[in-house]
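Observations on the model geometry
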2 protein chains.
Amino acid sequence: MVYGEDIAILAGDGLFAEAFHLLVARQQASPAVLLAVVAEIARATGLRGMVGGQYIDVTAVPDGGDDLRVLHALKTGRLIEASVVVGALLCGARNAARLARYRAFAAEIGLLFQIVDDMLDVEGSPETMGKSAGKDEALAKLTYVSKYGMAQTRALAAESHVRATARLQELGGDTRSLAAVADYIYRRER
Amino acid sequence: MVYGEDIAILAGDGLFAEAFHLLVARQQASPAVLLAVVAEIARATGLRGMVGGQYIDVTAVPDGGDDLRVLHALKTGRLIEASVVVGALLCGARNAARLARYRAFAAEIGLLFQIVDDMLDVEGSPETMGKSAGKDEALAKLTYVSKYGMAQTRALAAESHVRATARLQELGGDTRSLAAVADYIYRRER
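Scoring rules and cut-offs
Chains are numbered independently. Their residues run from 1 in the order of the written sequence. Ligands are numbered from 1 and chains lettered from A, in the order in which they are written. Given that the model is predicted, a residue must reach a pLDDT of at least 70 before its local features are reported, and side-chain atom pairs must reach 80 or more before they are shown or counted; all residues, however, enter totals for whole chains, interfaces and linings. Water and hydrogen atoms were dropped before computing side-chain values, which therefore reflect all heavy atoms in the structure. Put simply, DSSP H or I for four residues or longer makes a helix, DSSP E for two residues or longer makes a strand, and each gets a number counted from the N terminus. Any residue under 20% of the maximum accessible area for its type is buried, any over 50% is exposed, and the rest in between are partly exposed; the area is computed with a 1.4 Å probe on protein chains only. Contacts are residue-level and defined by heavy atoms, with any inter-residue pair within 4.5 Å sufficient. Exposure was quantified through the Shrake-Rupley algorithm and a 1.4 Å probe, taking into account, for residues, occlusion by the shown protein chains and nothing else. By buried area we mean the combined loss of accessible area, with a 1.4 Å probe, across both parts when two parts are placed together. A carboxyl oxygen of Asp or Glu within 4 Å of a side-chain nitrogen of Lys or Arg is what we treat as a salt bridge. Under the convention adopted here, Pro, Cys and the residues Ala, Val, Leu, Ile, Met, Phe, Trp and Tyr are nonpolar, Asp, Glu, Lys and Arg are charged, and Gly plus all remaining residues are polar. For this overlay, a least-squares fit was computed on C-alpha atoms, restricted to residues scoring pLDDT of at least 70 in both copies. Patches here: salt-bridge-free residues with over 30% relative accessible area, like charges joined within 9 Å, nonpolar side chains (Val, Leu, Ile, Met, Phe, Trp, Tyr) joined within 5 Å. For the purpose of charge, His is not counted, nor are the chain termini; Lys and Arg are scored as positive and Asp and Glu as negative. Where a charge lies is defined by one atom per residue type: Lys uses NZ, Arg uses CZ, Asp uses CG and Glu uses CD. Residue types Ala, Val, Leu, Ile, Met, Phe, Trp, Tyr and Cys, when buried and joined through side-chain atoms within 4.5 Å, form a set referred to as a nonpolar core. Centres within 6.5 Å make a pair out of two Phe, Tyr or Trp rings, where for Trp the six-membered ring is used; the pair is then stacked when the planes are under 30 degrees apart, edge-to-face when over 60, and tilted otherwise. Two thresholds decide whether a charge sits over a ring: the Lys NZ or Arg CZ must be within 6 Å of the ring centre and within 35 degrees of the ring normal. pLDDT is a per-residue confidence score from the predictor, ranging from 0 to 100.

1. Some thoughts on the overall build of chain A
Scanning chain A from N- to C-terminus turns up nine helices and zero strands. For chain A, the N- to C-terminal ordering of α and β elements is α-α-α-α-α-α-α-α-α. Residue burial in chain A is summarised as follows: out of 190 residues, 41% are buried. For chain A, contacts bridging at least 24 residues in sequence account for 65% of all contacts bridging at least 6. Put simply, chain A shows about 10300 Å² of open surface, and 57% of that area lies on carbon and sulfur atoms.

Here is the structure:
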């Protein structure tokens, strides 16, 4: 709003390019690992990720639970997944089966994030939420709460949190930091 | 115009991400070379490349030859430079001094491209030009022709073509394909 739409679009394009530039120029890791990170972030932001999810969001009103799941999985879930997988890659994870387990955990907390987000939109106060509460309802957007009701949505969130924790058990080792992230997403109030 | 501005912006973001994805997923080369290619393209499109040049173009009317040179060097020249350097990298060029010579040649044909473009805007016919002739003048844009006049601009183009050819001599080996590119840019009529 301050600088105008043309500058805002350029800023977005610039940040996109500079993110890849910084990654290659500053991050310490082998070329093979850095390349895997570039691929992960490119896929997560592209047509089968953030951009694809945003496209669905602006062009269609999803008509069912599956569409809603696809939209959120692409729009925000894929970025959450990338942030977990990139962390694992940079920490030296190589094994495909192990990376798949990190990815399954990340997909679950992405889903959990969106379910909780929809509940907070209805129940959260404007003081604690970054955006104003009730915004989704005012826009007549399809959310977990509008589709399933608050009680069932709360149960879905609890089930998702249980599944996320189970994914961490499968990973083994010290996963307390990731468990804390899952707990935070489940219990957050804004 | 057909799909609306929101979809157009998303298409731009999507192409950006997919370009990096395709590069990593499809291009045959060692991880180190692919990473150098990613870095080159990220820099060429970022704040010190295409986006930076476009920012200057939309926010300010350059007031001198140096500004004009900076604008074009960033906006189109940097992409032309990247296309030459990326080709050299993928063909196995490793030596920094040799890559610098490819870069110098590319910067020169980028400059040549813009000088010729400004002449064609004045002299070209709408039938042969992709854009309508006289568009720059109608927009009161600062061009090589508006600043130096047609005769001096023609001389600048000839000098630039000579310098580009000299850069190729420094490279040695078989540079006929690159010479043909420089000749085409110098002699093109649209």
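2. Overview of the environment of B:Gly149
Its place among the elements puts B:Gly149 in helix α7 (residues 144–171). The sequence separation of B:Gly149 and B:Val58 amounts to 91 residues, and the corresponding C-alpha distance is 24 Å.

3. Quick notes on the interface of chain A and chain B
Counting from both sides, the interface comprises 30 residues of chain A and, opposite them, 30 residues of chain B. Summed over both sides, the interface of chain A with chain B buries roughly 2500 Å², with 84% coming from carbon and sulfur. Run the count over chain A and chain B and you get zero salt bridges. Of all the elements in the fold, those that place two or more residues in the side of chain A that touches chain B are α1 (5–26), α2 (31–45) and α3 (50–59) of chain A. With 13 residues, the single largest contributor to the side of chain A that touches chain B is α1(A). Of the residues assigned to the side of chain A that touches chain B, the class counts are 18 nonpolar, six polar and six charged.

4. Overview of the relation of the copies chain A and chain B
The two chain copies are related to each other by a rotation about an axis together with a translation along it. With an RMSD of 0.0 Å, chain A superimposes on chain B once it is rotated by 180° and translated 0.0 Å along the axis. Viewed as a symmetry operation, the transformation between the two copies matches a two-fold axis. Nearest to the rotation axis, the C-alpha of A:Pro31 is located 2.7 Å from it, this being the minimum over chain A. A symmetric contact is evident, with 100% of the interface residues of chain A recurring at the interface of chain B.

5. Things to note about the environment of B:Leu99
All names here are of chain B. Counting through the fold element by element, leucine 99 comes out in helix α5 (residues 96–123). With relative accessibility at 15%, the residue leucine 99 sits in the buried group. Spatially, the C-alpha atom of leucine 99 lies 7.3 Å from that of alanine 88, the residues being 11 residues apart in sequence. The residues touching leucine 99, leaving out its near neighbours within four places in the chain, are Ala88, Leu89, Ala93 and Arg94.

6. Some details on a negative patch on the surface
A contiguous patch of negative charge on the surface is contributed by A:Glu5, A:Asp6, B:Glu5 and B:Asp6. Note that A:Asp6 resides in helix α1.

7. Side note on the nonpolar core
Counting 78 residues, the largest nonpolar core has A:Ile109 and B:Ile109 as its most contacted members. Ignoring any residue separated from it by four or fewer positions in sequence, one finds A:Ile109 in contact with A:Ile80, A:Val84, A:Ala164, A:Val181, A:Ala182 and A:Ile185.

8. Concerning the packing of aromatic side chains
For the coordinates displayed, the defined rule picks out six aromatic pairs over all chains. Taking 4.3 Å as the distance between ring centres and 20° as the angle between the ring planes, the aromatic pair formed by A:Phe20 and B:Phe20 counts as stacked. Of this pair, A:Phe20 sits in helix α1 while B:Phe20 sits in helix α1 (residues 5–26), placing the two residues on different chains. When sorted by exposure, A:Phe20 lands in the same class as B:Phe20, which is buried. Directly above the ring of A:Tyr148 sits A:Lys147, whose terminal nitrogen or CZ lies 5.6 Å from the centroid. A cation over a ring is seen here: B:Arg188 above B:Phe113, with NZ or CZ 4.2 Å from the ring centre.

9. Let's talk about the pattern of salt bridges
Residue and element names in this part refer to chain B. Counted by the stated rule, this structure contains 22 salt bridges over all chains. Here arginine 78 ties to glutamate 81 by a salt bridge, and the two come within 3.9 Å at their closest N and O atoms. On the criterion of helical spacing, the pair formed by arginine 78 and glutamate 81 is a turn pair, its members being three residues apart in helix α4 (residues 65–90). The two residues arginine 78 and glutamate 81 agree in class, both being buried.

10. Regarding the confidence of the model for chain A
Residue and element names in this part refer to chain A. In this model, chain A carries a mean pLDDT of 87, and residues with pLDDT of at least 70 account for 87%. The least confident element of chain A is helix α6 (residues 135–138), whose mean pLDDT is 60; the most confident is helix α9 (residues 176–187), at 96. Model confidence for the complex: the whole-complex pTM is 0.82, and ipTM, which rates the interface, is 0.79.

11. Points about the environment of B:Val24
With respect to the helices, strands and loops of the structure, B:Val24 is situated in helix α1. Relative accessible area serves as the criterion here: at 18%, B:Val24 is assigned to the buried category. Sequence-wise, B:Val24 and B:Leu34 are 10 residues apart; in three dimensions their C-alpha atoms are separated by 6.9 Å. When residues no more than four places from it in sequence are discounted, the contact partners of B:Val24 are A:Leu35, A:Val38, A:Ala39, B:Leu34 and B:Val38.

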